[in-house]
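# Summary of structural features
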Amino acid sequence: MNIVLLEPLHISADALSSLMRPLQQQGHTITVYDHKAAAGQELSARLQGQHIALIANAPFPREAVMAAKDLRLVDVAFTGVDHVALDACRERGITVCNCANYSNQSVAEMAVGLALSLLRKIPAGNDAIRRGAGSAGLMGGEIGGKTVGVIGTGRIGEQAVRLFQAFGARVIAYSRTEKPAIAALGVSYLPLDQVMEQSDIITLHVPATAETRGLIGREQISRMKNTALLINCARGPVVDAAALKDALNADRIAGAALDVFDQEPPLPADHPLFGAKNLVMTPHTAYFTQEAMERRARIAFDNIAAYLSGNPQNQIP
């Protein structure tokens with residue numbers, strides 16, 4: 001089999017060599033690219049003659065799928081697969097698998113970190129001390145004693161529940177599927193509107209699907225307390241960005257922190273969210289830790305080995 005790694009996995013060269021070696025010893029050929037393809041034609045060219053494509057979060061559009069005549073497996077080193085043309089893969093009979101659960105801890109920790117950044121006004125404090133100012137206007141708040149609404153209680157959401165509880169927060173939740181393990185932690189599942197109304201901090205952990213697009217829209221945001229905070233480390237389209245900007249600029253809510261957007265960063269200079277008040281933004285780095293990258297790479301190569309053995313794992317239906 002010809003295998004192509006289409007973008008960096010952000011692990012050391014030694015670690016990558018160690019993961020590739022068993023496949024190479026079995027006679028498989030692996031081509032490695034150290035940068036993402038710049039355009040559609042370049043991506044299609046890289047796929048010629050390849051049977052297995054290993055990607056991360058770079059777009060994998062229909063045109064690439066249709067141009068890759070020998071492709072049999074798309075191995076996505078990422079949890080979400082909304083950047084992959086799944087319909088085209090199904091048409092072609094191409095297997096798609098992902099690397100679920102590699103970043104549970106890193107994303108959950110980032111949600112807590114962003115909440116702390118807002119509550120303790122960490123970005124403003126950094127700016128203040130660099131311009132020679134003191135602590136005026138920087139009194140913050142604590143997570144302990146607050147009500148945290150976790151929207152989406154999959155593996156990442158579950159870890160977020162545990163972390164916020166460790167800070168002494170009361171946690172409530174909304175999810176399409178209610179999990180007994182979450183209820184056993186003392187978490188009450190409530191309708192979405194009630195979670196929006198009762199929470200001091202709302203953290204989102206749902207995938208990007210037709211059902212979740214715009215899940216947090218103008219109506220839902222209007223139900224939030226004017227002291228509440230919104231954290232999104234899930235997917236950008238889950239939140240109506242225009243509605244969020246309006247609520248922030250009208251002081252309708254106290255603040256928000258976003259790691260994901262309607263497009264992959266870098267964002268254009270005229271992106272509307274740059275005009276929002278009380279907003280902390282990071283460039284889609286919640287998943288991006290050394291530990292998570294190493295876990296992700298192991299899962300990705302395990303996916304290839306499982307496929308080659310005739311027992312695909314982490315398969316996307």
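Preceding this section is the structure that the text describes.
Okay, so let's go over this structure. (Residues numbered from 1 in each chain as written. Predicted model: local features only at pLDDT ≥ 70, side-chain atom pairs only at ≥ 80, totals over all residues. Heavy atoms only, no water.)

## Some remarks on the sheet that holds strand β2 (residues 29–32)
- The strand order across the open sheet built from five strands is β2-β1-β3-β4-β5, with neighbouring strands paired in parallel fashion. A single partner strand is all that each edge strand has here, and the edge strands are β2 and β5 (95–97). Looking at each pair of strands side by side, their axes are set apart by 15 degrees on average, direction ignored.
- In terms of strand pairing, strand β3 (residues 52–55) meets strand β4 (residues 73–76) through four bridges, oriented parallel. Its bridge partner lying in β4, Ile52 is registered against Leu73. (Pairing = 2+ DSSP bridges. Helix = DSSP H or I, 4+ residues; strand = E, 2+ residues; numbered from the N terminus. Axes fitted to C-alpha atoms, helices over the stretch in contact; angles between N-to-C directions.)

## Topic: the side chain of Ser106
- In this structure, Ser106 sits in helix α5 (residues 104–119).
- Within the structure, Ser106 has its side chain in polar contact with the backbone oxygen of Ser103 (distance 3.0 Å).
- In contact with Ser106, not counting residues within four places along its chain, are Ala286, Tyr287, Thr289 and Ala292. (Polar contact = N/O pair within 3.5 Å; in protein donor to acceptor, adjacent residues only side chain to side chain. Contact = heavy atoms within 4.5 Å.)

## So, the environment of Glu219
- If you trace the backbone, Glu219 turns up in helix α10 (residues 218–222).
- With relative accessibility at 47%, the residue Glu219 sits in the partly exposed group. (Buried < 20%, exposed > 50% of the residue type's maximum accessible area, 1.4 Å probe, protein only.)

## Some details on the sheet that holds strand β9 (residues 201–204)
- On the basis of which strands lie adjacent, the open sheet formed by seven strands has the order β8-β7-β6-β9-β10-β11-β12 and parallel pairing. Either end of the sheet is taken by a strand with one partner, and the two such strands are β8 (188–189) and β12 (279–281).
- Across four bridges, strand β10 (residues 229–232) lies against strand β11 (residues 255–258) in parallel orientation. Directly across from Ile231, in β11, lies its bridge partner Ala257.
- Each of β9, β10, β11 and β12 is contacted by α5, which is oriented at about 150 degrees to β10, the strand it contacts most.

## Quick notes on the nonpolar core
- Grouped together as the largest cluster of nonpolar side chains are 76 residues, with contacts concentrated most on Leu47, Phe60, Val74, Phe164 and Ile231.
- Residues in contact with Phe60, not counting those within four places in the same chain, are Leu6, Leu43, Leu47, Ala53, Ile55, Val65, Leu71, Val74, His83, Val84 and Ala85.
- In this structure, Ile221, Val239, Ala247 and Ile253 belong to the second largest nonpolar core, which totals 30 residues. (Core = buried A, V, L, I, M, F, W, Y, C linked by side-chain atoms within 4.5 Å.)

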